[in-house]
Amino acid sequence: MEMAKQEWKFTTKDIAEKPDLFLSGHRACAGCVPTTVLRLIMKALRGPTIVTQATGCMEVVSSIYPYTSWAVPWLHTAFETAAANASGIEAALKALKRKGRLKHEHVDVIAIAGDGGTYDIGFQALSGAVERGHDFLFVLYDNEAYMNTGIQRSGGTPKGAATTTSPAGTAIPGKLEYKKPIADIMVAHEIPYVATASPYYWRDLLEKVRKGLEVEGPAFLHVLAPCPRGWRSDQAKSIEYSRLAVETCVFPLWEAVNGQYQLSVASKLIALAPQKKRPVTDYLQGQGRFRHLFSPQNKHLLEDFQRITDERWRRLLAKCGVSAKP
Amino acid sequence: MKSVVKQERMALSGDEAVAYAVKQSDVDVVAAYPITPQTIIVERFSEYVANGEVQTEFVCTESEHSALTACLAASVTGARAFTATASAGLALMHEMLFVTSGCRAPVVMAIANRALSAPLNIHGDHSDSMAQRDSGWIQLYAENAQEVYDSIIQAFRIAEDINVLLPVMVGLDGFTLSHTLENVDTLPDEVVKQFIGSRKFPNVLTHEGKMAPFKLDPDNPMTMGPIALPNYYFEFKRQQEEAMKNALSIIKQVNSEYAKISGRSYGNGLIEPYCLEEAEVAAVCLGSTAGTMKTVVDELRAKGVKAGLLRLRTFRPLPVEDLRSALCNVKAVAVMDKCMSFGGNGGPVYHEIRHVLYDADVRPYVVNYIYGLGGRDSTGTAKYLRGSPADSSGKAC
Ligand SMILES: Cc1ncc(C[n+]2csc(CCOP(=O)(O)OP(=O)(O)O)c2C)c(N)n1
Ligand code: SF4
Ligand SMILES: [Mg+2]
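Bear in mind the structure is a predicted one, so any value in this text is a computation, not a measurement. (Residues numbered from 1 in each chain as written. Chains lettered and ligands numbered in written order. Predicted model: local features only at pLDDT ≥ 70, side-chain atom pairs only at ≥ 80, totals over all residues. Heavy atoms only, no water.)

### Things to note about the overall build of chain A
Helix and strand counts for chain A come out as 13 helices and 8 strands. Whereas a compact globule of 326 residues would reach a radius of gyration of roughly 20 Å, chain A reaches 19 Å, a difference of no more than 12%. Along the first, second and third principal axes, the C-alpha set of chain A runs to 65 × 45 × 40 Å. Residue pairs in contact within chain A that sit at least 24 positions apart in sequence constitute 71% of those at least 6 positions apart. Accessible surface, chain A as shown: approximately 13200 Å² in total, 54% of it carbon and sulfur. One finds the centroid of the 41 positive side-chain charges in chain A at a distance of 2 Å from the centroid of its 32 negative side-chain charges. (Helix = DSSP H or I, 4+ residues; strand = E, 2+ residues; numbered from the N terminus. Rg over C-alpha atoms; globule rule 2.2 N^0.38 Å. Contact = heavy atoms within 4.5 Å. Areas by Shrake-Rupley, 256 points an atom, 1.4 Å probe, with all protein chains shown as cover. Lys, Arg positive; Asp, Glu negative; His and termini not counted. Charge placed at Lys NZ, Arg CZ, Asp CG, Glu CD.)

Here's what the structure looks like:
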């Protein structure tokens with residue numbers, strides 16, 4: 001399907017002028033990037049939209065009755081249900097339209113969930129919903145742990161990270177398992193659009209949201225969203241981490257349109273000039289959840305972090321048809 | 001004044017009666033997942049969809065959890081939504097049952113009542129829906145396929161009444177009703193459509209300070225399913241309880257309005273007494289067992305025993321006053337439960353009846369019988385009424 005050339009442009013001026021649909025006054029921590037992600041997503045809407053969200057930090061901070069941060073119709077039902085909510089909303093819109101009872105020509109549907117609500121408990125509903133082909137955009141804001149309940153590990157927590165259910169102890173040094181390649185798993189569902197994004201590259205993020213909305217059928221957007229509370233990192237550096245994750249290739253930016261992988265600009269530049277690829281320690285340093293990796297007895301874990309990052313990067317380059325340079 | 005319309009007699013199993021009623025009810029979204037003995041409902045409905053006989057959006061979900069969730073989400077988007085399940089499927093929905101009622105989504109669901117595992121058993125009893133007693137759903141139990149058909153149609157009216165706005169379960173006994181072919185008189189499509197009408201939405205105050213219909217609408221943004229702290233949570237629950245109380249009169253009203261077009265009613269919609277006047281002994285039961293029990297009552301009456309029956313059609317909301325006035329003059333009441341409350345003092349229906357009668361001026365003897373678990377035959381029902389009230393204490397029959 002032709003996905004090229006969008007007429008829309010997200011210039012700084014456009015974005016600044018567009019009224020916010022995710023409003024301030026919510027209860028998130030200072031330096032919370034997930035809220036930045038929500039605000040950005042809401043800048044990329046193209047028309048009437050219904051948003052539905054899984055239980056998690058972003059739901060809890062934005063909907064404390066009788067207050068709300070949502071200037072669009074918004075639904076929360078449970079932790080594992082974001083994609084099932086979207087299925088029901090989309091089915092209702094279709095039926096109402098067919099029966100001539102829908103006021104709008106079209107209504108977009110966006111489902112939002114954290115890593116817990118996506119990789120883990122919400123995965124069955126997500127896999128089922130995209131298999132059924134519902135027309136919706138699923139946005140995963142990935143802060144790499146269950147933050148709402150106090151920083152427990154998820155399938156999206158990187159290996160080595162300390163969480164409250166994978167603490168860095170004397171016998172076990174943090175989480176033992178690798179981060180699940182969720183976006184690749186979504187590509188394997190053969191859906192029309194999958195992409196990764198990072199809010200430091202905000203225009204790229206907005207464009208991907210818009211593409212995900214424009215595509216017919218399910219779209220999946222994986223956004224890395226640093227959480228200073230859970231990452232034990234400086235509140236002032238959250239956006240910097242969202243840049244470092246890309247520059248170290250820990251979280252490369254790409255999109256897969258109808259299964260065709262292609263690197264997005266920020267990561268493509270690194271692929272073309274590999275000397276720009278920074279060591280993972282640049283990203284890990286300063287994050288309290290990885291502090292123990294820097295002690296001498298855990299040197300092998302740090303090396304393993306670099307190794308898996310490189311290996312995944314190589315595999316991605318191959319999928320994008322870029323030959324790996326040393 | 002409406003009058004009884006000409007009807008078409010069809011041979012339908014209980015499940016087919018559900019599917020047919022849903023087909024006529026102008027349902028927008030059906031989301032469901034197969035499980036015995038409910039499966040025929042979704043299969044028949046799939047045929048209607050495949051043959052273009054309905055305009056419904058049919059979502060064949062990957063689980064019952066998602067089926068109910070999709071119905072709930074469709075419902076708050078403004079659609080009329082239906083699902084059906086049984087046993088393990090209902091148990092899997094447990095979490096979302098509360099969310100559905102809490103979101104005030106008038107979803108209608110048929111339950112082909114079936115035992116719960118373990119051991120695995122596909123046959124009829126009430127363990128599945130009784131375990132969902134406190135989930136905030138209205139619960140109706142049908143006696144035969146005709147009532148199944150009628151109750152599904154009524155359920156949409158009850159659920160969507162703006163003084164109620166609560167989800168409704170209609171129970172039909174697994175196999176006894178779900179799979180047994182019966183004659184069912186069906187109303188013309190147009191009559192059903194008119195009886196239910198289009199979905200109504202109460203106007204509520206949005207955060208923008210506007211009054212707008214209670215649904216997800218891009219023109220009137222509303223935040224649904226928020227987090228509510230102790231200061232507000234209790235208010236939501238209190239309103240739900242008031243809606244349940246409102247449902248008592250709405251169910252009665254719908255029952256009598258339906259009688260006008262169909263010629264059929266089920267007691268007052270809440271309870272159905274049978275030979276209860278001047279009865280000395282009476283049984284209380286739900287669902288298809290009432291059919292057997294009516295025969296037993298007739299036999300006993302023929303022998304000079306003043307026996308009667310009360311069929312509880314509406315288990316939630318519990319028609320407390322109706323139950324008390326119907327049973328308070330009986331000497332002994334045998335309450336029949338097709339469900340066990342492990343370690344409790346009798347089954348769930350027994351708890352309610354005995355509790356209701358506690359406030360009667362003269363309290364009847366009330367005994368409990370647990371029967372028919374996992375589909376065990378209940379033909380020996382006569383003895384429930386013959387046994388002396390004092391000597392039986394809920395032993396398995
Ligand atoms: C069925 C169920 N299990 C557990 C919970 C408790 N719970 C609520 S939010 C949450 C974690 C959310 O994690 P994630 O999806 O990563 O979002 P985050 O809070 O990190 O933004 C958990 C475990 C729940 N609400 N429902
Ligand atoms: S815990 Fe993390 S994700 Fe949650 S509000 Fe705070 S910074 Fe944001
Ligand atoms: Mg998380």
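### Regarding the coordination of the magnesium ion (ligand 3)
Residue and element names in this part refer to chain A. Protein coordination of the magnesium ion (ligand 3) is provided by Asp115 (OD), Asn143 (OD1) and Ala145 (O), with donor distances spanning 1.9 to 2.1 Å. Look at where the donors of the magnesium ion (ligand 3) fall in the sequence and you get D-x27-N-x1-A. Linking Asp115 in the loop between strand S3 (108–113) and helix H5 (116–120) with Asn143 in the loop between strand S4 (137–142) and helix H7 (182–187), this pair joins segments that are 28 residues apart in sequence. Grouping residues by exposure puts Asp115 and Asn143 together as buried. (Donors = N, O, S within 2.8 Å, 3.2 Å for Na, K, Ca; no water. Buried < 20%, exposed > 50% of the residue type's maximum accessible area, 1.4 Å probe, protein only.)

### With respect to the site of ligand 1
Taken together, 18 residues form the shell around ligand 1, and within it Cys57(A), Asp115(A), Tyr141(A), Met147(A) and Asn148(A) come nearest. The site occupied by ligand 1 is bordered by residues of chains A and B. One nitrogen or oxygen atom from the side chain of Tyr141(A) is found 2.6 Å from an oxygen atom belonging to ligand 1. Contact distances for ligand 1 include 2.9 Å between an oxygen atom and a backbone N or O atom of Asn148(A). In isolation ligand 1 has 590 Å² of accessible area, and contact with the protein removes 79% of it. In terms of residue class, the shell around ligand 1 is built from 7 nonpolar, 8 polar and 3 charged. (Near = heavy atom within 4 Å. Polar contact = N/O pair within 3.5 Å; in protein donor to acceptor, adjacent residues only side chain to side chain. Nonpolar A, V, L, I, M, F, W, Y, C, P; charged D, E, K, R; others polar.)

### Some remarks on the pattern of salt bridges
All names here are of chain B. The tally for this structure, following the rule as stated, stands at 52 salt bridges over all chains. The residue Lys331 makes a salt bridge to Glu280 at a minimum N-O spacing of 3.5 Å. Here the residue Lys331 occupies a position in the loop between helix H10 (320–327) and strand S16 (332–337), and Glu280 occupies one in the loop between strand S12 (271–274) and strand S13 (281–285), the gap between them amounting to 51 residues. Ionic contacts of the salt-bridge type, sharing partners, join the residues Glu143, Glu147, Glu272, Lys294, Arg311 and Arg313 into one network. (Salt bridge = Lys/Arg side-chain N within 4 Å of Asp/Glu carboxyl O.)

### So, the site of ligand 2
Residues and elements named next belong to chain A. In the neighbourhood of ligand 2, the contacting residues comprise Ala28, Cys29, Cys32, Pro34, Cys57, Met58, Asn143, Met147, Cys227, Pro228 and Arg229. Looking at the shell around ligand 2, the elements with two or more residues in it are helix H3 (57–62) and helix H9 (228–231). Residues that form the shell around ligand 2 fall into these classes: 9 nonpolar, 1 polar and 1 charged.

### Regarding the layout of surface pockets
When its volume is computed, the largest pocket comes out at roughly 1300 Å³. Tyr65(A), Gly102(B), Gly225(B), Pro226(B) and Phe236(B) are, among the 39 residues lining the largest pocket, the residues nearest its centre. Broken down by secondary-structure element, the contributors of at least two residues to the lining of the largest pocket are helix H4 (87–102), strand S9 (203–205), strand S11 (223–224) and helix H8 (230–262) of chain B. Broken down by element, the lining of the largest pocket gets its largest block of residues, 10 residues, from H8(B). Of the residues contributing to the lining of the largest pocket, the split by class is 21 nonpolar, 13 polar and 5 charged. Size it by volume and the second largest pocket reaches roughly 580 Å³. Taken together, 30 residues make up the lining of the second largest pocket; nearest its centre are Lys179(A), Pro181(A), Val250(A), Pro252(A) and Arg312(A). Here the element with the most residues in the lining of the second largest pocket is helix H13 (residues 299–319) of chain A; it accounts for 10 residues. For the lining of the second largest pocket, the residue count by class is 18 nonpolar, 3 polar and 9 charged. (1 Å grid on protein atoms, 1.4 Å probe; cavity = no way out; pocket = protein on both sides within 12 Å on 5 of 7 lines; lining within 4 Å. Points joined across faces, edges and corners; volume = space filled by probe spheres on them.)

### Quick look at the interface of chain B and chain A
Listed per partner, the contact involves 42 residues of chain B and 43 residues of chain A. Here chain B and chain A share an interface that buries about 3400 Å² over both sides, 62% of which is from carbon and sulfur atoms. At the junction of chain B and chain A, the tally comes to 9 salt bridges. The salt bridge partner of Arg101(A) is Asp26(B), with a shortest N-O separation of 2.6 Å. Across the contact surface, chain B and chain A share 20 residue pairs in polar contact (both at pLDDT 80 or more). (Buried area = accessible area lost by both parts, 1.4 Å probe.)

### Comments concerning the pairing of strand S17 (residues 365–370) of chain B
Residues and elements named next belong to chain B. S17 sits mainly inside the fold: 5 of its 6 residues count as buried. Across 6 bridges, the pairing between S16 and S17 is parallel. Paired with Val333 across the bridge in S17 is Val366. (Pairing = 2+ DSSP bridges.)

### Details of the packing of helix H6 (residues 145–160) of chain B against helix H7 (residues 189–196) of chain B
Residues and elements named next belong to chain B. For the pair H6 and H7, interaxial distance at closest approach is 9 Å and the crossing angle is 30°. Relative to H7, the element H6 is oriented roughly parallel. Across the interface between the two elements, Tyr149, Ile153, Gln154, Phe156, Arg157 and Glu160 from H6 touch Val192, Phe195 and Ile196 from H7. Residue composition of the contact of H6 with H7, by class: 6 nonpolar, 1 polar and 2 charged. (Axes fitted to C-alpha atoms, helices over the stretch in contact; angles between N-to-C directions. Parallel < 35°, antiparallel > 145°, perpendicular 65-115°, else oblique.)

### Quick word on the domain arrangement of chain B
Residue and element names in this part refer to chain B. Here the domain parsing of chain B yields domain 1 (8–200 + 247–260) and domain 2 (271–396). Relative to domain 2, the C-alpha centre of domain 1 lies at a distance of 26 Å. On the side of domain 2, 27 residues touch domain 1, which itself brings 28 residues to the contact. Summing both sides of the interface, domain 1 and domain 2 together bury roughly 2100 Å²; the carbon and sulfur share of this comes to 53%. Connecting domain 1 to domain 2 are 4 salt bridges. In this structure, Arg313 engages Glu147 in a salt bridge whose closest nitrogen and oxygen atoms are separated by 2.8 Å. (Domains from an automatic or database assignment.)

### Description of the nonpolar core
A general feature of soluble globular proteins is that nonpolar side chains tend to end up buried together. Within the largest apolar cluster, 71 residues are counted, with the highest numbers of intra-cluster contacts made by Phe136(A), Phe138(A), Val194(A), Phe220(A) and Trp254(A). Residue contributions to this core peak at 9 residues, all from helix H4 (residues 82–98) of chain A. Leaving out residues up to four positions away in the same chain, Phe220(A) has contacts with Thr118(A), Leu126(A), Leu137(A), Phe138(A), Leu140(A), Ile182(A), Ala183(A), Met186(A), Ile191(A), Tyr193(A), Val194(A) and Ala195(A). The next biggest cluster of nonpolar side chains, apart from the first, holds 54 residues, and it includes Ile35(B), Ile138(B), Val148(B) and Ile158(B). (Core = buried A, V, L, I, M, F, W, Y, C linked by side-chain atoms within 4.5 Å.)

### Topic: H4(A)
The α-helix winds at 3.6 residues per turn, so residues separated by three or four positions along the chain end up facing the same way. Residue and element names in this part refer to chain A. Compared with the 24 Å implied by 1.5 Å per residue over 17 residues, the 24 Å span of H4 between its first and last C-alpha is a close match. Most of H4 is tucked away: 14 of the 17 residues are buried. Count one or two residues on from H4 and you reach Gly100, which has phi positive near 70°. (Expected span 1.5 Å × (residues − 1).)

### Brief notes about the sheet that holds S3(A)
Remark on secondary structure: sheet strands pair via backbone hydrogen bonds, oriented parallel or antiparallel. Read across the open sheet, the 9 strands follow the order S8(A)-S7(A)-S5(A)-S6(A)-S4(A)-S3(A)-S1(A)-S2(A)-S11(B); overall the sheet is mixed. Both edges of this open sheet fall to strand S8 (260–263) of chain A together with S11 of chain B, since each of them pairs with a single strand only. On the sheet, helix H8 (residues 202–214) of chain A packs against S3, S4, strand S5 (193–197), strand S6 (219–224) and strand S7 (254–257) of chain A and is oriented at approximately 165° with respect to S5(A).

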